[in-house]
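# Coordinate analysis (summary)
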Amino acid sequence: MDESYKLKSEELAEVYESTVEVKASNNKYHWDSNDIEERWKGLKQILLEAAEEVPIADGEKVYSAFEAQGRLYQFKRIPNGVTNGVACFQRGIDTIISDEGLTGVFSYLDDITVCGPDPERLKPLLELPLPNDASFLKVALGLFAHYSEWVPCFSEKISRITGSATFPLGPQAAQDFARLKQEIANSLVTAISGSSPIVIESDTSNVAIATTLMQEGDQLHFFLVVCQN
């Protein structure tokens, strides 16, 4: 490397930062505890910036050096686009979960899943009454469809409900309605066990590829990719 392009100590003090620092003393994220809307906005902003707040170790900052307008700079935090940035962020999140002793918490990058079902949370679903008109039926079907991927053979189990044209629902449709509520509730409280193996079941055809993650006979997730051309 040419002498004129070597990093100098005075140049290292000039740092490019793509985000602001989030500190407890920063008034930018102070909100009134009663102001729910502002509270949510502030929390969302912090979460959005979290991926760009992972610091780079002092001994590794030199490897992030870049040139701009004839001068050399280095990053203090992991920027977007670096090869190991995603892996470093994942390790950082995993370290936080481990150090804090959080149980039933799983992360995939910035998607955090917290397990620990509250029976009261399922109460509105389990107490959902039978639809008494087409409008209410539409709402209920939309709710059920949201959880369809966690209910095996969902289309078959909901067929008699969707085919109902009179109210109140007939005996068979009402029975299917109650069964679907219970199956959805059971799927929501299913947690991934760390001691049991996860089985991958897959199938292919000329139009799609499907894969299901199973554990102890329960469906954890379903993936479907439609083939193009």
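The preceding data block contains the structure.
All of the points below concern the structure found in this document.

Scoring rules and cut-offs
Residues numbered from 1 in each chain as written. Predicted model: local features only at pLDDT ≥ 70, side-chain atom pairs only at ≥ 80, totals over all residues. Heavy atoms only, no water. Phe/Tyr/Trp six-rings, centres within 6.5 Å; stacked < 30°, edge-to-face > 60°. Buried < 20%, exposed > 50% of the residue type's maximum accessible area, 1.4 Å probe, protein only. Helix = DSSP H or I, 4+ residues; strand = E, 2+ residues; numbered from the N terminus. Pairing = 2+ DSSP bridges. Axes fitted to C-alpha atoms, helices over the stretch in contact; angles between N-to-C directions. Salt bridge = Lys/Arg side-chain N within 4 Å of Asp/Glu carboxyl O. Core = buried A, V, L, I, M, F, W, Y, C linked by side-chain atoms within 4.5 Å. Expected span 1.5 Å × (residues − 1). Arc of directions from axis to C-beta.

### Things to note about the packing of aromatic side chains
Enumeration according to the criterion identifies 3 aromatic pairs in this entry. For the ring pair Phe66 and Phe75, a centre distance of 5.0 Å and an interplane angle of 40° mean the geometry is tilted. On the accessibility criterion, Phe66 (24% relative accessible area) is partly exposed. Ring geometry for Phe144 against Phe177: centres 5.2 Å apart, planes inclined by 55°, an arrangement best described as tilted. Here the residue Phe144 occupies a position in helix α5 (residues 134-146), and Phe177 occupies one in helix α7 (residues 171-188), the gap between them amounting to 33 residues. According to the relative accessible area criterion, Phe144 is buried, its value standing at 0%. On the accessibility criterion, Phe177 (2% relative accessible area) is buried. Within the aromatic cluster, the residues linked to one another by ring pairs are Phe66, Tyr73 and Phe75.

### A word on the sheet that holds strand β7 (residues 208-215)
With respect to topology, 3 strands assemble into an open sheet ordered β6-β7-β8, the strand pairing being antiparallel. Strands with a single pairing partner mark the edges of an open sheet, and in this sheet they are β6 (199-204) and β8 (218-226). Across the sheet, the mean angle separating the axes of adjacent strands is 15° when strand polarity is ignored. Both β7 and β8 contribute to a ladder of 8 bridges, which runs antiparallel. Pairing of Ala208 across the sheet is with Val226, part of β8.

### A look at the pattern of salt bridges
Considering all chains together, one arrives at 4 salt bridges under this definition. Among the ionic pairs, Asp58 bridges to Lys61, the shortest N-O distance being 3.1 Å. A residue is classified by how much of its surface remains accessible, and Lys61, at 14% relative accessible area, is buried. Connected through shared salt-bridge partners, Arg160, Asp176 and Arg179 make up one network.

### Quick word on the nonpolar core
Across soluble globular proteins, you tend to see nonpolar side chains buried next to one another. Counting residues in hydrophobic clusters, the biggest one holds 15 residues, and the most contacted among them are Phe144, Phe154, Ile158, Ile161, Phe177 and Leu180. Counting residues per element, the ones that place at least two in this core are α5, α6 (154-162) and α7. Membership of the second largest hydrophobic core comes to 8 residues, among which are Ile56, Phe75, Ile93 and Ile97.

### Considerations on helix α3 (residues 85-99)
With 15 residues, α3 extends 21 Å between its outermost C-alpha atoms, agreeing within 8% with the 21 Å of an ideal straight helix rising 1.5 Å per residue. Those residues of α3 not exposed but buried are Gly85, Phe89, Gln90, Ile93 and Ile97. Seen end-on, α3 carries its buried residues on one side only, within an arc spanning 135°. Opposite its buried face, α3 presents the exposed residues Arg91, Ser98 and Asp99, each directed more than 90 degrees away. Backbone geometry just after α3 places Gly101 at a positive phi near 65°.

Purely geometric numbers; function is a separate question.
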